Amino acid sequence: MFTHIRPAVVTLLLFTVLIGIIYPLAVTGVAQLALPKQANGSMIERDGKVLGSALIGQNFVTDKYFHGRPSATSAPDPKDDTKTIDAPYNAANSSGSNLGPISKKLLERVKGDADALKGESGLATVPADSVTTSASGLDPHISPAFAKAQAGRIAKARNLPEDRVRGLIAELTEHVAFGLVGEERVNVLLLNLALDRLTST
Amino acid sequence: MSLNGWVLIALVFLAVLVVARPIGIYAARVLNGERTPLTPVLGPIETGLYCLAGVDPAREQTWRAYTLAMLVFSAAGFLLLYAILRLQAFLPLNPQGFGGVAPDLAFNTSLSFVTNTNWQAYGGETTMSHFVQMAGLTLHNFLSAATGIALAAAVTRAFARSGSGTLGNFWADLTRVTLYVLLPLSLIVALMFVTLGVPQTLVGAIDATTLEGAKQTLSIGPVASQEAIKMLGTNGGGFFNANSAHPFENPDAWANLLQIWAMLVVSAALPFMFGEMVGNERQGHTLLWAMGLLLIAGVGIVYWAETRGNPLLTALGVDPASGNMEGKEVRFGQAMTAMFVAVTTGLSCGAVNAMHNSLTPLGGLVPLFLIQLGEILPGGVGSGLYGILVMAILTVFIAGLMVGRTPEYLGKKIEAREMKLAMLAVLILPLAILGFTAVAAVLPSALASLANAGPRGLTELLYAYSSAAGNNGSAFAGLNANTPWFNTTLGIAMLLGRFAYVVPVMAIAGSLAAKTKVAPSTGTFPTTGPLFIGLLVGVIVILGGLQYFPALALGPIVEHFLMLDGKSF
Amino acid sequence: MSSKLAAQPLCDGAILAQATRDAITKLDPRQLVRNPVIFVTEVVAALVTALFIREVVLGIGTPMFSGQIATWLWFTVLFANFAEAVAEGRGKAQADALRKTRADTQAKLLVGLHGGRDDVWCPRSASELVVGDLVLVEAGDIIPADGEVIEGIASVNESAVTGESAPVIRESGGDRSAVTGGTVVLSDWIKVRVTAAQGSSFLDRMIALVEGAARQKTPNELALSILLSGLTLIFLIAVVTLYGLAGYSGTIVPVTVLVALLVTLIPTTIGGLLSAIGIAGMDRLIRFNVVATSGRAVEAAGDVDTLLLDKTGTITYGNRLATQFIAVPGAGERELAEFALLASLADETPEGRSIVALAKSKYGLPDPQIDRAKAAFVAFSAATRLSGVDVNGRVVRKGAVDAVLKHLALTNEQAPFEFRQAVERIAQTGGTPLGVSRDGRLLGVIHLKDVVKPDIKERFAALRAMGIKTVMVTGDNPITAAAIASEAGVDDFIAEATPQDKLAYIRAEQAKGRLIAMCGDGTNDAPALAQADVGVAMQTGTQAAREAGNMVDLDSNPTKLIEVVEIGKQLLMTRGSLTTFSIANDVAKYFAIIPALFVTTYPELNALNVMGLASPQSAILSAVIFNALIIVALIPLALTGIAYRPVGAAALLQRNLLIYGLGGLIVPFIGIKLIDLIVAALRLA
């Protein structure tokens, strides 16, 4: 057994240097030089201020912005750090709801959200993504159907014809590549940015 | 389900197969110590390593010495990682200033990474510094994967050799696999991930001001370099809590394809390596077929169950057209989410791009069952190969008698000693999974950790111990596993699932290597071809199914019928 | 013991009655612990019985249900014991037949050696003889112990051991020197050195073997037992932990039901039949008049890759047949044939008969008109090696060439050139020349030749399909050997074989990872017999050969090797098929019991009750009853073995998998449903 200790320790330490340090630093170096935008999180800046990442959803609550999917992320309760409070789209603590399909909590939450969206949009059935939390709690996308369900509210809040809003959704809808890869989707942050641009011009 | 979904599933499998064969043959050459195109670059590093470590790569080891070397190495790795975790506060590259990790969590996490489980009882972005992610976790993603492949190579040699007392040299195998196979692949895949949007920076977090003026802190770091080996080494321990569902780990549908491809490719390459090393490629193909058929069946069931949606939500006015979306990301689509779910559990990867705890009952049954089948479809890198070889030995033994000969696999007679050791290995999983779950199921302190009531709560426990013992690492998350009870018992389950399993397997290898290879004839039980594939699949499913059916009946199966009946908990 | 026992029916009333009694005595846990699966069943049967008594005494629970479960669990154990007892009973019946021949005999222990028959002997009970004693055995005496002839020659009736009543010659030196205790000297006398003491003689060992007293688990049986024990442990874990898993949803599963689940899941079917299969395999071998000295050898027989077969007697008729008459100058071919026919009239050996047949068919000779009462036939004797007839003043002789020449008082050189040439040619092609003389005059030579057995080529083809290579061993020169080899269709041959050649060939094949079977009879075969994985010694062979081999063929028929291989394969196949059947059965049992188990907590699980069983209790009871009855139903199969066909492994597997794998999945669904209908109709649950 003792004959194995030297190879074990030496191999471990050398690999710590080679793989634990040199390998990630090498990848970092190449990435930062060749692909700085992606390597730093695909951040979006406006007027020199970081608005967020194109990849990470944000918690939109006001009527004039498209809302993302419900998010189940949380944050430590500032009053009692053994507890947590709901903090949707907390990009420092990704998480899903982890509620099973026959969970009463899930059904109550979905019922509330679905009823609200039905009331707002006048739809009889709501798109699934509009009332379900994403896996990461940071899903940047919604389905075009969910976006369209919100078009009326946006148009009203922004005093825009609903067609313009719908046109914007259609414009920003990302399609299934080659009919195979991905899903019809709209990036909420990009959509809202375009909405702001539309309104300001 | 859609035809397009199935076409894409088929294309991904095809893309894996196309690359798996050359990688497998290359790995066989590397493990044989042959010269490769990378030798001019990596050869000096390899030689230097041997020199400093005092290793003679040509010196062969018996199964005992090989296993002992592996155990000492894993123990050293465990101690070093435990120390790094505990001392995190005093180590560099800690931009967010995280403190030391608690003892029980450090114990659990160290075991988790050394055993290639990568169960996360912690949230990466809220617990671990960049130094720990790199020098601790990324390192062990490599080393635990390389250890698995080394062990698989040793077991393979037992079948390739005749009347041999030795199985190779652990240090040489470990070093060669790490340098020549895992490192180059990881470099390539890491840069592909960056191209697709996975961050790679030493910055800890970026503060953003959202459109609505709120502050959003975005955790970030050297994600791509870890993501590559996390998938290639079937480790599955994510940089972030949400793992491969997090947009920084898995930014879009293309990255998702690359993730599935990367996690399959090395494990799928190993049966080719096996065929190459034993000098009969068809033997490797047969194993891969058995693995593949079960995996495809798993993908199909998840895909079917998830696209049907949740009838309880449909009743509330939710459109079932896009299926069950709770705990899923929009960008991947149901087909590639289903494929990810089945593949990550058929492999012992454990990375997730959807929250398994929110899958439908049958959609959740599949990953659970795939883990319980022993992580052999195609299983963890290395561990999947030696795991399915144990199943092949059992299959040959049960059915091989039906041709009227003492059972033999690849010319090696399977006798009482091998049977004893194989049963010993096979007993470990049900003992750890069912034993711990049964205790936790009636332990109030354990039940306090559950996220869901009703059968799903039991499934959370069953899944946790299955994942730990199977060295998978995925979870029916939501179960608060960061408690002393779970950290300890899950740690023990991981330990048993990896080492208590592999030691008897290595003993089988030692015993088989020493046997003279029996020449094949038309009277020999055929271990290639559709009949054997069917038989192997049957033994895997029936043996696995028989052990876990009662437990599954009380978890996902009854939950399915409850859901159809409109009941909720 | 051979032919009469071979006809033994599968169900013999006496054996069944005895087996029923034995099944009960086998309940002794000390005995049963050797069979872990059935032992576990017994332990839980006792447990449920205790629970049943408690329920009856305290008036709680469902004693009617527990009582029935307990009963059927005990039946499961009894049925398993019964299977073993029946197999043993069939062996015992053979042993008893053997034992009758072992009545105590008086031996003539030699005390003073003077040579010939002048030695002094004193009577001594056979049971008091020790190894190394010398005994005299004369005509009419029973040979008192196994031994080796050191002096004399005698004809011996060995029917007590072989069932063959034709006497055999035993003489000192050479390959016919071994004698077996219990056989009878018919003529002449021999002196025998005792080589096995009472209790360890060949007969004793045979008795012990067929009785199963000396039975140990064979390697494969042991490995299979380990698998079955492992499965039992796995199911024990699955069932015990179910208590906790069910506790999660507040279900208290009654112990009786858990026990029922456990017993139906553990492989009781194969566990109960395993030893019966092993005993029956040995038994089948004995029915073929082959005694294996260990079960290991029977298993090894199934694995054999290469068969080493002696040419003579196996591939060709051991008795050479006349194919040609070659007259010397001065004698006609027809005259030669005529007198050869005359000389062979009383020769009832196959050679003699073949000469008669050839003379009649080739030359159309009629039956000679001689007065048999006046003719003096000279029988073949080991000393003269001549036979013939003295009739009407004529002296006609035929026999070995040198013996005939000696009879004619000729040296070899004095024989006519043509005669010598013919003899040489015949010998070179592997034939045997027989000289014929009449009234002191040499007539010519009869060509006796090996004739390949008519069906042997097909048998070798079948062996080839099984993946077994055949190798012919012969003393012939390579040219002759090659001719016969191609005629017989063997894969390889060893010509001009010496015992060393055989040994070397076996070692070379074994180094390539092949298993070898061979048969032999001579002392010089002993090393090769010992080296071979399956060595079948001929009963007529020497003691050394019989000790070296791991099987003894009582009929001394080398062709048996093929059957021995088939029996070995059949034994392994029966085990494998019933194991597969047993495990496949579990699927249906789960569908019967699991919904029943949790029906109160989760009525939704009744969706899994695909068989539509009447009630939870009847479902559980039916599964337990099916589990017990299937053992009884499979006893005949375990005893007779499953059908073997000499086809390739892939075809065999396909067939057996379809019958026992798929059948094992389907049969219990039907069986449990039927039993449930009966249980429900009788209102048992």
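What about the overall build of chain A?
Stage number 1. Check the secondary structure of chain A and you find seven helices and six strands.
Stage number 2. Listing the helices and strands of chain A from first to last along the sequence gives α-α-β-β-β-β-α-α-β-α-α-β-α.
Stage number 3. A compact globule built from 201 residues would reach a C-alpha radius of gyration of about 17 Å, whereas chain A, at 22 Å, exceeds it by more than 25%.
Stage number 4. Dimensions of chain A along its principal axes, counting C-alpha atoms only, are 75 × 45 × 45 Å.
Stage number 5. With 201 residues in all, chain A has 54% of them scored as buried.
Stage number 6. A separation threshold of at least 6 residues defines the contact pool for chain A, and within that pool the share at least 24 residues apart is 54%.

Description of the overall build of chain C
Stage number 1. Helix and strand content of chain C: 23 helices and 20 strands.
Stage number 2. Overall size of chain C, expressed as C-alpha extent along the three principal axes, is 110 × 60 × 50 Å.
Stage number 3. Looking at chain C residue by residue over its 685 residues, the buried ones come to 56%.
Stage number 4. Within chain C, counting contacts between residues at least 6 apart in sequence, those at least 24 apart form 70% of the total.
Stage number 5. Carbon together with sulfur atoms contributes 60% to the accessible area of chain C, which is approximately 26300 Å² in total.

Observations regarding the arrangement of the chains
Stage number 1. Among two pairs of chains with at least one contact, chains A and B form the most extensive contact set.
Stage number 2. Looking at chain A next to chain C, you find no contact at all, with the nearest C-alpha pair sitting 14 Å apart.

Some remarks on the domain arrangement of chain A
Stage number 1. Parsing chain A into structural domains produces domain 1 (2-38) and domain 2 (41-200).
Stage number 2. Each of domain 1 of chain A and domain 2 of chain A has a C-alpha centre, and the two are 39 Å apart.

A look at the packing of helix H6 (residues 130-160) of chain B against helix H8 (residues 223-232) of chain B
Think of two packed helices as two axes; the pair is described by the angle between the axes and how far apart they sit.
Residue and element names in this part refer to chain B.
Stage number 1. Running from N to C, H6 and H8 cross one another at 25 degrees; their axes reach a closest spacing of 8 Å. Put simply, H6 runs roughly parallel to H8. As H6 runs across H8, the sense of the crossing is left-handed. Facing H6, whose interface residues are Gln133, Leu137, Thr138, Asn141 and Phe142, H8 presents Ser225, Gln226, Ile229 and Lys230.
Stage number 2. The class makeup of the residues in the contact of H6 with H8 is three nonpolar, five polar and one charged.

Description of the pattern of salt bridges
Stage number 1. A complete count under the given rule lists 52 salt bridges over all chains for this structure.
Stage number 2. Note that Arg29 of chain B and Glu34 of chain B form a salt bridge whose closest N and O atoms lie 3.3 Å from each other.
Stage number 3. Owing to a relative accessible area of 40%, Glu34 of chain B belongs among the partly exposed residues under this scheme.
Stage number 4. Taken together, the salt bridges that share partners define one network made up of Arg405, Glu408 and Lys413 of chain B together with Asp303 and Asp305 of chain C.

Structural notes on helix H16 (residues 456-466) of chain C
Along an α-helix, residues three or four positions apart point the same way, because every turn accommodates 3.6 residues.
Residue and element names in this part refer to chain C.
Stage number 1. The set of residues buried in H16 consists of Ile456, Phe460, Leu463 and Met466. All buried residues of H16 lie within an arc of 110 degrees about the axis, which places them on one face of the element.
Stage number 2. Looking at the buried positions of H16, the neighbouring elements they touch are strand S9 (306-310), strand S16 (469-473), helix H17 (478-488) and helix H21 (560-597).
Stage number 3. With its phi angle positive at about 90 degrees, Gly467 sits one or two positions after the end of H16.

Examining the interface of chain C and chain B
For interface size, the figure often reported is the accessible area lost on association.
Stage number 1. Listed per partner, the contact involves 63 residues of chain C and 63 residues of chain B.
Stage number 2. Of the roughly 5100 Å² buried between chain C and chain B on both sides combined, carbon and sulfur atoms contribute 78%.
Stage number 3. Of all residues in chain C, the largest losses of buried area upon contact with chain B belong to Leu245, Tyr248 and Glu604 of chain C, amounting jointly to 15% of the total for that side.
Stage number 4. Counting across the interface, chain C meets chain B through three salt bridges.

Some words on the packing of aromatic side chains
Stage number 1. On inspection of all chains with the given rule, the structure shows 26 aromatic pairs over all chains.
Stage number 2. Each ring, one from Phe60 of chain A and one from Tyr65 of chain A, has its centre 5.4 Å from the other, and the planes form 50 degrees; the classification is tilted.
Stage number 3. A network of ring pairs unites the aromatic residues Phe159, Phe274, Tyr409, Phe525 and Phe532 of chain B as a single cluster.
Stage number 4. Directly above the aromatic system of Tyr65 of chain A lies the positively charged group of Arg158 of chain A, at a separation of 4.9 Å from the ring centroid.
Stage number 5. Cation over ring: Lys108 of chain C sits above Trp121 of chain C, and NZ or CZ is 5.2 Å from the ring centre.

Some words on the pairing of strand S15 (residues 441-449) of chain C
Residues and elements named next belong to chain C.
Stage number 1. Of all nine residues in S15, seven are buried; the element is thus mostly enclosed.
Stage number 2. In the sheet, strand S10 (residues 321-327) pairs with S15 via six bridges, with the strands oriented antiparallel. Opposite Ala322, over in S15, you have Leu448 as the bridge partner.
Stage number 3. Linking strand S14 (residues 432-438) back to S15 in an antiparallel pair, the connection comprises two residues, with Asp439 at a positive phi of about 45 degrees.

As for the interface of chain B and chain A
Stage number 1. Across the boundary between the two partners, chain B contributes 110 residues, which contact 102 residues of chain A.
Stage number 2. When the two sides are added together, the surface that chain B and chain A hide from each other amounts to roughly 8200 Å², 69% of it contributed by carbon and sulfur.
Stage number 3. When residues of chain B are sorted by the area they lose upon contact with chain A, Leu211, Glu212 and Val330 of chain B head the list and together hold 10% of the total.
Stage number 4. Between Arg331 of chain B and Asp139 of chain A there is a salt bridge, and its shortest N-O distance comes to 3.8 Å.
Stage number 5. Across the contact surface, chain B and chain A share 39 residue pairs in polar contact (both at pLDDT 80 or more).
Stage number 6. Among the elements that make up the side of chain B that touches chain A, the one with the highest residue count is helix H7 (residues 170-195) of chain B (12 residues).

Here we look at the sheet that holds strand S8 (residues 290-292) of chain C
Residues and elements named next belong to chain C.
Stage number 1. What the seven strands build is an open sheet, ordered S8-S20-S19-S18-S9-S16-S17; its pairing is mixed. Each edge of the open sheet is held by one strand with a lone partner, namely S8 and strand S17 (492-494). Ignoring strand direction, the axes of neighbouring strands in this sheet form an average angle of 20 degrees.
Stage number 2. Sheet topology note: the S9/strand S18 (residues 516-520) ladder contains three bridges and is parallel. Directly across from Leu308, in S18, lies its bridge partner Met518.

Focus: the nonpolar core
Stage number 1. Ranked by size, the top nonpolar core spans 407 residues in total, and within it Phe159 and Tyr409 of chain B together with Leu307 and Met551 of chain C carry the most contacts.
Stage number 2. Looking at this core element by element, the count peaks at 20 residues for helix H19 (residues 530-564) of chain B.
Stage number 3. Of the domains in this structure, domain 1 (2-38) and domain 2 (41-200) of chain A are the two that each give at least three residues to this core.

Some points on unusual backbone geometry
Stage number 1. Between Leu377 of chain B and Pro378 of chain B the backbone carries a cis peptide bond, its omega angle lying at -5 degrees.
Stage number 2. Tracing the backbone shows Pro378 of chain B in the loop between helix H13 (361-372) and helix H14 (383-400).
Stage number 3. A positive phi angle, close to 50 degrees, is found at Leu410 of chain B, a residue other than glycine.
Stage number 4. As for its placement among the helices and strands, Leu410 of chain B is situated in the loop between strand S3 (408-409) and strand S4 (412-413).
Stage number 5. One non-glycine residue, Asn289 of chain C, adopts positive backbone phi at about 65 degrees.
Stage number 6. The residue Asn289 of chain C is located in the loop between helix H10 (268-287) and S8 in this model.
Stage number 7. Classification of Asn289 of chain C by relative accessible area gives buried; the value is 2%.

A closer look at the confidence of the model for chain C
Residues and elements named next belong to chain C.
Stage number 1. Looking at chain C, the pLDDT average stands at 84 and 92% of residues meet or exceed 70.
Stage number 2. Note that pLDDT drops below 50 for residues 1-7; the model gives that stretch 14 contacts with residues more than four away or on any other chain.
Stage number 3. Taken together, the chains of this predicted complex give a pTM of 0.88 and an interface ipTM of 0.96.

What to know about the pairing of strand S2 (residues 49-53) of chain A
All names here are of chain A.
Stage number 1. Pairing between strand S1 (residues 43-46) and S2: four bridges, direction antiparallel. Along S2, the bridge assignment pairs Ile44 with Gly52.
Stage number 2. Counting the residues between successive antiparallel strands, the hairpin from S1 to S2 contains two residues, one of them, Asp47, with a positive phi of roughly 55 degrees.

Considering a nonpolar patch on the surface
All names here are of chain C.
Stage number 1. Residues Leu658, Ile659, Leu662, Ile666, Ile670, Leu674 and Leu677 make up a contiguous nonpolar surface patch of roughly 650 Å² in combined accessible area.
Stage number 2. Residue position: Ile659 is located in helix H23 (residues 649-681).
Stage number 3. The class of Ile659 is partly exposed, set by a relative accessible area of 38%.

Basis of the calculations
- Residues numbered from 1 in each chain as written.
- Chains lettered and ligands numbered in written order.
- Predicted model: local features only at pLDDT ≥ 70, side-chain atom pairs only at ≥ 80, totals over all residues.
- Heavy atoms only, no water.
- Helix = DSSP H or I, 4+ residues; strand = E, 2+ residues; numbered from the N terminus.
- Rg over C-alpha atoms; globule rule 2.2 N^0.38 Å.
- Buried < 20%, exposed > 50% of the residue type's maximum accessible area, 1.4 Å probe, protein only.
- Contact = heavy atoms within 4.5 Å.
- Areas by Shrake-Rupley, 256 points an atom, 1.4 Å probe, with all protein chains shown as cover.
- Domains from an automatic or database assignment.
- Axes fitted to C-alpha atoms, helices over the stretch in contact; angles between N-to-C directions.
- Parallel < 35°, antiparallel > 145°, perpendicular 65-115°, else oblique.
- Left-handed = near helix turned anticlockwise from the far one by under 90°.
- Nonpolar A, V, L, I, M, F, W, Y, C, P; charged D, E, K, R; others polar.
- Salt bridge = Lys/Arg side-chain N within 4 Å of Asp/Glu carboxyl O.
- Arc of directions from axis to C-beta.
- Buried area = accessible area lost by both parts, 1.4 Å probe.
- Phe/Tyr/Trp six-rings, centres within 6.5 Å; stacked < 30°, edge-to-face > 60°.
- Lys NZ or Arg CZ within 6 Å of the ring centre and 35° of its normal.
- Pairing = 2+ DSSP bridges.
- Polar contact = N/O pair within 3.5 Å; in protein donor to acceptor, adjacent residues only side chain to side chain.
- Core = buried A, V, L, I, M, F, W, Y, C linked by side-chain atoms within 4.5 Å.
- pLDDT = per-residue confidence, 0-100.
- Patch = residues over 30% accessible without salt bridge, like charges linked within 9 Å, V, L, I, M, F, W, Y side chains within 5 Å.

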